[in-house]
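Structure assessment
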Amino acid sequence: MKKIILLISLIILSISPLQAVEEDNIFEQDENFKPIILEPEERIEEKISPYTKEALKGIIEKEYDLNSSAGMFREQLTLKYKKGFLKDTTLHGHMIHTFSETFDSDDSDFQYDTSLINVGLSGKFKSEKEKYTLLFDLTPDIFEDFSHRFLLDAHIESMRFKNNTILLGSSRPQVGYEGGNSAKTIPFLTRSQAARSFSNARKTGLKIDGRYKWVDYEIGGFSSDVRYHEFFPGVEGNLWVDFKPFANVEDKLGKLYVGGGISHGERNSTDFSVASSAIRYDKDKFWLRAEYQHADGSNGGSGLTNRKGYGYNLTLAYRITKKLEFLLRFDDFDKDKSIKNNNSREYTAGINWYILGQTARMMLNYVFCENEAKSDSHRLMLGTQFIL
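In this report, we go over the structure that sits alongside the text. (Residues numbered from 1 in each chain as written. Predicted model: local features only at pLDDT ≥ 70, side-chain atom pairs only at ≥ 80, totals over all residues. Heavy atoms only, no water.)

**Regarding the side chain of Ser223**
Of note, Ser223 is situated in strand S8 (residues 215–223). Exposure remark for Ser223: the relative accessible area of 9% places this residue in the buried category. (Helix = DSSP H or I, 4+ residues; strand = E, 2+ residues; numbered from the N terminus. Buried < 20%, exposed > 50% of the residue type's maximum accessible area, 1.4 Å probe, protein only.)

**So, the environment of Tyr177**
In this structure, Tyr177 sits in the loop between strand S6 (164–171) and helix H4 (193–198). Put simply, Tyr177 and Glu291 are 114 residues apart on the chain and 7.4 Å apart in space, counted from C-alpha to C-alpha. Residue contacts for Tyr177: discarding those within four places in its chain leaves Trp240, Ala278, Arg280, Arg289 and Glu291. (Contact = heavy atoms within 4.5 Å.)

**A word on the environment of His94**
If you trace the backbone, His94 turns up in strand S2 (residues 88–104). A relative accessible area of 2% means that His94 is categorised as buried. Separated by 3.0 Å, the side chains of His94 and Gln385 make a polar contact. (Polar contact = N/O pair within 3.5 Å; in protein donor to acceptor, adjacent residues only side chain to side chain.)

**Regarding the pairing of strand S3 (residues 108–124)**
Looking down a regular strand, the side chains alternate between one sheet face and the other. Where S2 and S3 come together, 14 bridges link them in antiparallel fashion. In the sheet register, His92 faces S3, and the bridge partner there is Gly120. Relative to strand S4 (residues 130–137), S3 runs antiparallel, the two sharing 7 bridges. Paired with Asn118 across the strands is Asp137, a residue of S4. Adjacent in sequence and paired antiparallel, S3 and S4 are bridged by 5 residues, among which Glu128 carries a positive phi angle near 65°. (Pairing = 2+ DSSP bridges.)

**Describing the packing of aromatic side chains**
The final tally for this structure, using the stated rule, is 10 aromatic pairs. Ring geometry for Phe85 and Phe125: centres 6.1 Å apart, planes at 20°, overall stacked. Remark: Phe125 occurs in the loop between S3 and S4 and Phe85 occurs in the loop between strand S1 (78–80) and S2; sequence separation between them is 40 residues. In this structure Phe85 comes out as exposed when scored by relative accessible area, which is 59%. Three or more aromatic residues joined by ring pairs form one cluster here, namely Tyr312, Phe330, Tyr347 and Phe368. Positioned above the aromatic ring of Tyr257 is the side chain of Arg280, whose terminal nitrogen or guanidinium carbon lies 4.2 Å from the ring centre. Arg289 extends its terminal NZ or CZ atom over the ring of Trp287, reaching a point 4.6 Å from the ring centre. (Phe/Tyr/Trp six-rings, centres within 6.5 Å; stacked < 30°, edge-to-face > 60°. Lys NZ or Arg CZ within 6 Å of the ring centre and 35° of its normal.)

**Side note on the nonpolar core**
With 7 residues, the main nonpolar core is built from Ile96, Leu116, Ala183, Leu189, Met363, Val367 and Met381. Aside from chain neighbours lying at most four places away, what touches Ala183 is His94, Leu116, Arg172, Arg191 and Gln385. Counting residues in hydrophobic clusters, the runner-up holds 6 residues, among them Val175, Phe198, Val274 and Phe333. (Core = buried A, V, L, I, M, F, W, Y, C linked by side-chain atoms within 4.5 Å.)

**A look at unusual backbone geometry**
We note that Asn163 has phi near 70°; this positive angle belongs to a residue other than glycine. Take Asn163: it is sitting in the loop between strand S5 (151–161) and S6. With a relative accessible area of 37%, Asn163 lands in the partly exposed category. Its identity is not glycine, yet Asn341 carries a phi of approximately 55°, on the positive side. Inspection of the secondary structure assignment puts Asn341 in the loop between strand S14 (324–334) and strand S15 (344–358).

**Some remarks on the side chain of Asp137**
Along the chain, the position of Asp137 falls in strand S4. The exposure class of Asp137 is buried, given its relative accessible area of 7%. Side-chain polar atoms of Asp137 contact the side chain of Asn118, separated by 3.2 Å. In terms of polar contacts, Asp137 uses its side chain to reach the side chain of Thr139, at 2.6 Å. If sequence neighbours within four positions are ignored, Asp137 has contacts with Ile117, Asn118, Phe146, Arg149, Phe150, Leu152 and Arg227.

**Notes on the pattern of salt bridges**
Taken as a whole and assessed by the stated rule, the structure comprises 18 salt bridges. In this structure, the salt-bridge partner of Glu178 is Arg329, at a minimum N-O distance of 3.9 Å. Within this pair, whereas Glu178 is found in the loop between S6 and H4, its partner Arg329 is found in strand S14, the two being separated by 151 residues in sequence. According to the relative accessible area criterion, Glu178 is buried, its value standing at 10%. The buried category is assigned to Arg329, whose relative accessible area is 4%. For the salt bridge of Asp216 with Lys244, the shortest nitrogen-to-oxygen distance reads 3.0 Å. Note that Asp216 is positioned in strand S8 and Lys244 in the loop between strand S9 (235–243) and helix H5 (250–253), a separation of 28 residues in sequence. In this structure Asp216 comes out as buried when scored by relative accessible area, which is 10%. Residues joined by salt bridges that share partners form a network here, namely Asp282, Arg319 and Glu325. (Salt bridge = Lys/Arg side-chain N within 4 Å of Asp/Glu carboxyl O.)

Below is the structure:
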């Protein structure tokens, strides 16, 4: 009998309680995020598997950071290695689908678009001081050769210097505020007109990203080629600086960023220069963004041009609940200052429903486009975003 009691006691003592892993909402591989590594025999224990009903239920119930682009299945799609030079790899995907109806004085047009399909992987090296990212574009596009747009991001980042990250490879330079940000977190289905034209392009080069209490900055040098059309057709330099005057009192007054920057370069003997300034403010349920850009030639999303143009926009937003947000934007744009009466103004009203933060979002946008050079138009758009 004593042997039986002793055996039962040993079995009880050998079973240790399992600790839940706290979810993190940062898409970039951050210092605090450590994926769970399970031995084959450990996966028998249902409680510690990221594929159980409890783990999947946690994805639905957790609170998401709306400034984060972390995928909803990040834990399930993270692999960790015991051997080799890589510490871990996280697979991810991003999809946006859009239904739109455009009305003008003569006709209407309904359209469905697979606006974006990106897949990629990112992770850390064994040293944990370097990260890597690969991002591929699988979006259908009949207007551009697949080989020129397939590879979006391909870079290595080093975090060996305090408050600074050094990035080498292909990435999105910070030309203006909105044009330098990921599509995952922009508030509307489309960027502002200036960001669509002057910015929003990947370049290959070296940049340094600094983060301090009172100021953030990004400085970089790149090849002026866009999407692998040419081998080093020229050089482009970029600088963006954000000042944070409320850094000591953000809890009381909110977050305020006052920033500006310049992008200057040359491509195939064509010079271009884009100057930008922006203000961002976020307090409780309210936030605003305002940006102005002036181009003396540009090399962004609309291609290389020597035209002089400008654009400015203002966005106001109010978070009705944690999941529901209402937005308004005024956007004025002149793509060519040499042509009079050529401005295009977009008035946009939008609703964002953050079902699971940015990882599962529905967007409803109404746009009235006032054109000085052609007839006005109205556009109603319904979009869905999923980040896996």
